[in-house]
Amino acid sequence: MPTYVAFLRAINLGATRKFPKDAIKAATEAAGGRDVETYINTGNVRLTHSARSVAKVRAALEEAYAAAAGFEVPTVVFTTKDLAALTARAEELHAQHDPSGQHYVTLYSAAPTASAVAAAHALEHEGETIVVDGRAAYVLLEGNIHTSKLLASKEVAALGKGTARTVKVLRTVTEKWC
């Protein structure tokens, strides 16, 4: 069976969107996932699944997660091969830009449109760089996420709804599961 890594969006934020790791694991198994593992409480899940497409796995997971959590849980799914390539790209960009602040990667279920990518790439904010490649937007900041002009821009919002992880989390997940 193929191995996938799922990233859940907007869980365990505030009092109303709680979805503990044990419940995530049980819901993943209810969706047909096997060999399920989680990493930290932000919705990082490794699973094997009989479905042969990322879209089918995502649909099964989102349905099971909504039933278990009581609210929609947008989920981004990658094969381990695709996640390893995405993380390698993050490491390459990190080495090129060597940000003194933060390096975030926003993951998307579908690649942003070419026009949205072009608009994001045209942004110029000192100490802030964005590179959109496939289903990921790599954001390298000299400052932090809370003061970023780039992340607050309508151009970045136009890339779509995704779920962000630090490069450190992606590195750890990739080392553990890919």
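Cut-offs and rules
- Per chain, residue numbering runs from 1 following the sequence as it is written.
- Note on the predicted model: pLDDT of at least 70 is required for a residue's local features to be given, and 80 or more for side-chain atom pairs to be given and counted; whole-chain, interface and lining totals, by contrast, use all residues.
- Side-chain measures here rest on the full set of heavy atoms in the structure, leaving out hydrogens and waters.
- Put simply, DSSP marks the helices as runs of H or I at least four residues long and the strands as runs of E at least two long, and each gets a number from the N terminus on.
- Contacts were defined at the residue level, with two residues in contact if any of their heavy atoms lie within 4.5 Å.
- Think of each axis as a best-fit line through the C-alpha atoms, taken over the contacting stretch in the case of a helix, with angles from 0 to 180 degrees between the N-to-C directions.
- Throughout this description, any angle smaller than 35 degrees is read as roughly parallel, any larger than 145 degrees as roughly antiparallel, any in the 65 to 115 degree range as roughly perpendicular, and the remainder as oblique.
- In this scheme, a crossing is called left-handed if the near helix is turned counterclockwise away from the far one by less than a right angle; it is called right-handed if the turn is clockwise.
- Residues are grouped as follows: Ala, Val, Leu, Ile, Met, Phe, Trp, Tyr, Cys and Pro are nonpolar; Asp, Glu, Lys and Arg are charged; every other residue, Gly included, is polar.
- Burial here depends on accessible area, computed with a 1.4 Å probe over protein chains only, as a share of the maximum for the residue type. Under 20% is buried, over 50% is exposed, and the range in between is partly exposed.
- Paired strands, as defined in this entry, are two strands with at least two bridges between them according to DSSP.
- Salt bridge, as used here, is a side-chain nitrogen of Lys or Arg placed within 4 Å of a carboxyl oxygen of Asp or Glu.

A. Molecular detail of the environment of Ala116. Within the secondary structure layout, Ala116 lies in helix H4 (residues 114-121). Ignoring any residue separated from it by four or fewer positions in sequence, one finds Ala116 in contact with Glu155, Ala158 and Leu159.

B. Representation of the packing of helix H1 (residues 21-30) against helix H2 (residues 54-69). Two numbers describe how H1 lies on H2: the axes approach to 8 Å, and their chain directions differ by 130°. What the angle tells us is that H1 and H2 run oblique. Like other packed secondary-structure pairs, H1 and H2 cross with a definite hand, here right-handed. Seen from H1, the contacting residues are Ile24, Ala27 and Thr28; seen from H2, they are Leu61, Ala64, Tyr65 and Ala68. Residue classes in the contact of H1 with H2 are distributed as six nonpolar, one polar and no charged.

C. Just the pairing of strand S8 (residues 163-166), in detail. Side chains Thr163 and Arg165 project from S8 onto a buried face, and the interleaved Ala164 and Thr166 project onto a face without burial. Sheet topology places strand S5 (residues 102-107) next to S8; four bridges connect them, and they run antiparallel. Each bridged residue has a counterpart across the sheet, and for Leu107 the counterpart in S8 is Thr163.

D. Examining unusual backbone geometry more closely. Here the phi dihedral of Ala10 falls at roughly 60°; this positive angle occurs in a residue that is not glycine. Tracing the backbone shows Ala10 in the loop between strand S1 (3-8) and H1. The exposure class assigned to Ala10 is partly exposed, which follows from its relative accessible area of 24%. In this structure, Ile40 takes a positive phi of about 45° despite not being glycine.

E. Summary view of the side chain of Thr87. Within the secondary structure, Thr87 is located in helix H3 (residues 80-97). In this structure Thr87 comes out as buried when scored by relative accessible area, which is 5%. Dropping the residues within four chain positions of it, Thr87 is found in contact with Leu170, Arg171 and Thr174.

F. The arrangement of the pattern of salt bridges in detail. What the rule picks out here adds up to four salt bridges. Of the charged contacts, one joins Glu92 and Arg89 as a salt bridge, the two residues approaching to 2.4 Å between their closest N and O atoms. One end of the pair, Glu92, and the other, Arg89, are both in helix H3, three residues apart, so they sit about a helical turn from each other. Its salt-bridge partner being Arg89, residue Asp133 comes within 3.0 Å of it at the nearest N-O pair. In this pair, Asp133 is assigned in strand S6 (residues 128-133) and Arg89 in helix H3, connecting sequence segments 44 residues apart.

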